[in-house]
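Structural description and commentary
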Number of protein chains: 2
Amino acid sequence: MRARNLAVVLQAVHRDGPLTRAGLAELTGLTKTTVSSLVGALLEAGAVSESGAVRDGERGRPGVAVALSGHRVAALGLEVNIDYLAACVVDLTRSVRLRRTRPADNRGSDPAEVLQRLRDLVKEVTAEAEGAGLRIIGAALAVPGTVEGDLLRNAPHLGWRDVRVADLLDLPCAVDNEANLAALGELWFGSGAADFLYVSGEIGVGAGLVVDGTVFRGTYGLAGELGHVVVTPDGPACRCGGRGCLEVYAGQDALLGELDSVATLVTALAEGDRRALDACGRAGDALGVALTSAVHLLDPGRIVLGGIFAPLFPWLESSVRGALAARLRQMRGTPPALAVSANGADAAVLGAAGLIIQRIVADPADVLGL
Amino acid sequence: MRARNLAVVLQAVHRDGPLTRAGLAELTGLTKTTVSSLVGALLEAGAVSESGAVRDGERGRPGVAVALSGHRVAALGLEVNIDYLAACVVDLTRSVRLRRTRPADNRGSDPAEVLQRLRDLVKEVTAEAEGAGLRIIGAALAVPGTVEGDLLRNAPHLGWRDVRVADLLDLPCAVDNEANLAALGELWFGSGAADFLYVSGEIGVGAGLVVDGTVFRGTYGLAGELGHVVVTPDGPACRCGGRGCLEVYAGQDALLGELDSVATLVTALAEGDRRALDACGRAGDALGVALTSAVHLLDPGRIVLGGIFAPLFPWLESSVRGALAARLRQMRGTPPALAVSANGADAAVLGAAGLIIQRIVADPADVLGL
């Protein structure tokens with residue numbers, strides 16, 4: 001009961017704070033004595049702090065307000081991707097306190113070696129966070145592959161199969177697919193929309209569907225593999241064993257061709273380079289077809305393009321919009337709105353940290369040990 | 001509180017009955033007096049009945065057992081499809097008491113005329129059910145198109161757009177897409193599995209995803225439109241305005257060609273007719289491709305083929321299995337199991353009636369007016 005009430009109070013502060021103790025009692029239906037005791041525990045744990053006086057309703061006296069604290073409790077977001085490792089620290093108010101990215105070539109790599117490097121990064125980031133007075137309560141890791149429970153089942157570009165990544169990481173750590181976590185990053189650190197399909201354009205292409213603020217995961221947690229939706233049944237072979245998947249047209253490798261980075265590609269596109277424009281045209285057409293299938297099956301509220309699709313959007317937009325309009329108009333009136341994520345390459349690592357923050361707010365007694 | 005407790009008692013009887021009043025009290029944590037009063041109300045409403053004596057736990061005396069009653073409360077399932085109207089009556093124990101199908105040609109039809117004929121069918125079926133002592137508590141209608149709330153948005157084969165079908169039907173009636181209701185039919189009247197993608201093969205092709213016993217509907221209730229998943233981006237034009245959708249390869253019209261019925265097609269296939277075999281081969285290949293995309297996006301527990309795909313399964317099976325195995329093996333180990341529904345053409349109308357039964361069990365006080 002106390003655990004439940006701690007959650008009720010912290011959630012009220014999270015949603016409607018700053019609030020006085022009297023305001024919290026009114027909002028939650030708990031007695032003032034109970035609220036005071038719960039607020040005391042949350043203050044002690046560093047989850048809330050007391051801020052300046054606020055007026056307490058129309059007729060009340062000014063009181064001391066309780067707000068979420070950004071000064072002590074924090075979460076660690078981690079990411080192993082194909083060409084980088086990343087970490088970030090987010091405090092309880094969802095302010096991003098630290099971000100670190102390490103370029104790497106993790107294709108066909110040894111999980112133990114990559115995760116050793118990630119452990120080094122964790123040490124460094126944790127020390128820096130602690131230096132700023134933050135206490136890291138938990139961690140979550142984004143990986144570019146399918147995850148069932150704690151098991152990374154298959155990350156084709158890394159060449160990893162059936163790896164228990166958390167065991168190799170030496171700290172308690174949730175693990176999820178990078179597109180799912182990037183979708184949560186969009187939910188918590190993006191536009192504020194609660195219904196969308198987040199499309200993650202990286203070396204692999206994935207997607208995370210958010211319906212009413214919740215990620216749709218399917219039966220085994222494997223939903224949203226947009227990159228392997230079939231665009232052309234007899235198209236080029238894909239790493240997944242299929243043919244003509246979206247990824248062979250719109251993954252980073254297909255888009256870059258001989259170029260060495262997305263920045264170079266953007267320059268080439270801006271200069272009207274024919275090969276770059278053709279690659280983007282093919283990617284946009286394929287994305288339009290795959291998203292048509294995805295809209296018919298998943299019924300997203302809107303579509304948010306993230307990862308490398310964000311900087312490339314000016315060159316993808318017309319083909320994607322054209323395909324969606326032509327193919328969906330009759331069944332759905334207007335096709336879902338199409339937008340670009342503002343989170344950039346940080347989406348997944350932010351979502352990973354946000355997941356831990358969400359767990360703290362959902363059950364502070366358990367996560368903070370109150 | 002009484003409404004809540006009526007639901008608790010009816011659900012316990014539904015799940016674990018027959019049960020004595022003492023057994024119900026033990027199971028629900030309610031007092032025996034409360035249970036007796038609630039059972040009294042449910043008996044009065046005809047939702048439960050008293051059956052023979054059962055032993056009441058190890059040491060108890062034999063008591064009178066309370067079970068769901070199949071004798072009074074019933075639900076009406078209705079369906080408007082492209083080539084038939086259907087109705088069924090299901091009692092509270094989910095026994096099917098009546099089924100009626102009327103062949104019709106509803107392509108490009110007038111909603112008011114078709115629904116007038118459905119009203120005649122409702123009258124006939126209701127009278128027959130009442131003659132058997134049943135009281136129809138509610139109705140649900142399956143339609144071959146997209147439904148948002150109570151609005152049939154678009155049924156391309158009927159040629160209906162933005163029709164409030166329940167208003168034309170002259171009785172309170174829930175409305176849903178036929179594939180969603182057929183999926184519920186599979187859940188409640190099928191194999192008992194709780195995680196599957198039901199694929200509805202009719203003149204239109206649709207699908208309903210059930211995850212942990214619940215239909216996934218997407219953001220606006222439009223999810224599961226498998227028939228318009230793109231198989232070949234530049235394929236033949238589809239009624240939906242797109243090109244190369246699954247439906248142009250695997251819908252009933254494409255499968256039948258010049259033939260006049262599925263029965264004729266099955267005969268032709270059994271006789272080795274080349275055109276029939278080719279049509280089935282194309283349909284099976286397209287179904288394999290579209291289901292690959294669907295598995296990647298939706299992550300179903302298994303795939304259940306219904307409607308006309310059930311009798312055609314012997315001629316579809318190898319291409320569908322082949323495509324799923326080749327394209328999914330690497331990402332998912334084994335592809336989802338593939339099975340055939342036993343519900344036949346009745347799946348949607350059964351699911352419609354089942355939906356009302358589910359509502360009665362979920363909230364008997366409200367639905368039965370207790």
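Residues numbered from 1 in each chain as written. Chains lettered and ligands numbered in written order. Predicted model: local features only at pLDDT ≥ 70, side-chain atom pairs only at ≥ 80, totals over all residues. Heavy atoms only, no water.

In the annotation of an unreviewed UniProt entry, chain A is listed under the name ROK family protein and assigned to Nonomuraea spiralis. What UniProt records for chain A under Sequence similarities (unreviewed entry) is the sentence "Belongs to the ROK (NagC/XylR) family." (UniProt positions renumbered as here; feature names shortened; annotations may be inferred.)

What chain A contains, in helices and strands, is 12 helices and 16 strands. A globule of 370 residues ought to have a C-alpha radius of gyration of about 21 Å, and chain A, at 23 Å, matches this closely. Dimensions of chain A along its principal axes, counting C-alpha atoms only, are 70 × 50 × 40 Å. Of all intrachain contacts in chain A linking residues separated by at least 6 positions in sequence, the fraction that spans at least 24 positions is 64%. Approximately 14400 Å² of chain A is accessible, and the part contributed by carbon and sulfur atoms is 49%. (Helix = DSSP H or I, 4+ residues; strand = E, 2+ residues; numbered from the N terminus. Rg over C-alpha atoms; globule rule 2.2 N^0.38 Å. Contact = heavy atoms within 4.5 Å. Areas by Shrake-Rupley, 256 points an atom, 1.4 Å probe, with all protein chains shown as cover.)

Bringing unusual backbone geometry into the picture now. Residue and element names in this part refer to chain A. A cis amide bond links G17 to the next residue, P18, at an omega of 0°. With respect to the helices and strands, P18 occurs in the loop between helix 1 (2-16) and strand 1 (19-20). Its identity as a non-glycine residue notwithstanding, R94 has a phi of 65°, on the positive side. Its place among the elements puts R94 in the loop between strand 5 (84-91) and strand 6 (96-103). Given a relative accessible area of 18%, R94 falls into the buried group. (Buried < 20%, exposed > 50% of the residue type's maximum accessible area, 1.4 Å probe, protein only.)

So, on to the interface of chain B and chain A. Contact with chain B, which involves 44 residues of that partner, is made by 44 residues of chain A. In total, about 3900 Å² of surface goes out of reach between chain B and chain A, with carbon and sulfur atoms giving 56% of it. Of all residues in chain B, the largest losses of buried area upon contact with chain A belong to B:L297, B:Q330 and B:M331, amounting jointly to 21% of the total for that side. Along the contact surface separating chain B from chain A lie 28 residue pairs in polar contact (both at pLDDT 80 or more). Listing elements by their share of the side of chain B that touches chain A, those giving two or more residues are strand 13 (205-211), helix 9 (274-298) and helix 10 (309-332) of chain B. The leading source of residues in the side of chain B that touches chain A is helix 9 of chain B, at seven residues. Split by residue class, the side of chain B that touches chain A holds 20 nonpolar, 15 polar and nine charged. (Buried area = accessible area lost by both parts, 1.4 Å probe. Polar contact = N/O pair within 3.5 Å; in protein donor to acceptor, adjacent residues only side chain to side chain. Nonpolar A, V, L, I, M, F, W, Y, C, P; charged D, E, K, R; others polar.)

What follows deals with the sheet that holds strand 9 (residues 151-155) of chain A. Residues and elements named next belong to chain A. One open sheet holds the three strands; their spatial order is 8-9-10, and the pairing between them is antiparallel. Of all the strands in the sheet, the pair left with one neighbour each is strand 8 (146-148) and strand 10 (160-163). The average undirected angle you get between the axes of adjacent strands in this sheet is 20°. As defined by bridge partners, strand 9 adjoins strand 10 across three bridges and the pair is classed as antiparallel. Bridge pairing in strand 10 places N154 opposite R161. (Pairing = 2+ DSSP bridges. Axes fitted to C-alpha atoms, helices over the stretch in contact; angles between N-to-C directions.)

A word on the pairing of strand 7 (residues 135-143) of chain B. Residues and elements named next belong to chain B. Taken across its nine residues, strand 7 has seven buried, putting it largely inside the fold. Where strand 4 (residues 73-80) and strand 7 come together, seven bridges link them in parallel fashion. Paired with A74 across the bridge in strand 7 is I136. In the sheet, strand 7 pairs with strand 11 (residues 173-177) via five bridges, with the strands oriented parallel.

All names here are of chain A. Domain boundaries assigned for chain A yield domain 1 (2-68), domain 2 (73-185 + 347-368) and domain 3 (191-342). One C-alpha centre belongs to domain 1, the other to domain 2; they are set 31 Å apart. Listed per partner, the contact involves 11 residues of domain 1 and 11 residues of domain 2. Summed over both partners, the interface of domain 1 with domain 2 buries about 870 Å², with 74% contributed by carbon and sulfur atoms. It is L10, H14 and L68 that lose the most area in domain 1 upon contact with domain 2, and together they represent 43% of the buried surface on that side. Counting the contacts that link domain 1 with domain 2 gives zero salt bridges. Viewed at the interface, domain 2 and domain 1 are joined by two residue pairs in polar contact (both at pLDDT 80 or more). (Domains from an automatic or database assignment. Salt bridge = Lys/Arg side-chain N within 4 Å of Asp/Glu carboxyl O.)

So, about the sheet that holds strand 16 (residues 337-340) of chain B. All names here are of chain B. Taken together, five strands build an open sheet; the order of strands is 14-13-12-15-16 and the sheet is mixed. Looking at strand neighbours, the two that pair on one side only are strand 14 (214-216) and strand 16, the edges of this open sheet. Going from strand to strand, the sheet's axes swing by 30° on average, the running direction of each strand aside. Pairing of strand 12 (residues 196-201) with strand 15 (residues 302-307) involves five bridges; the strand directions are parallel. Within strand 15, the residue paired with V199 across the bridge is L305. Each of strand 12, strand 13, strand 14 and strand 15 is contacted by helix 5 (residues 178-189), which is oriented at about 125° to strand 12, the strand it contacts most.

With that settled, consider the relation of the copies chain B and chain A. Mapping chain B onto chain A calls for a screw motion: a turn of 180° about the axis and a shift of 0.0 Å along it, with 0.0 Å RMSD after fitting. The transformation just described matches what one would write down for a two-fold rotation axis. For chain B, the minimum C-alpha distance to the rotation axis belongs to B:T232 and amounts to 3.0 Å. Looking at the interface residues of chain B, 100% of them are also at the interface in chain A, so both copies use one shared face. (Least-squares fit on C-alpha atoms with pLDDT ≥ 70 in both.)

Moving on to the pattern of salt bridges. Residue and element names in this part refer to chain A. The tally for this structure, following the rule as stated, stands at 26 salt bridges over all chains. Measuring nitrogen to oxygen at the nearest pair gives 3.3 Å for the salt bridge that ties R274 to D278. Here R274 pairs with D278, and both are found in helix 9 (residues 274-298), just four residues apart, close to one helical turn. For R274, a relative accessible area of 54% gives the class exposed. Residue E317 is joined to R321 by a salt bridge in which the shortest nitrogen-to-oxygen separation is 2.8 Å. Here R321 and E317 lie together in helix 10 (residues 309-332), a separation of four residues that amounts to about one turn.

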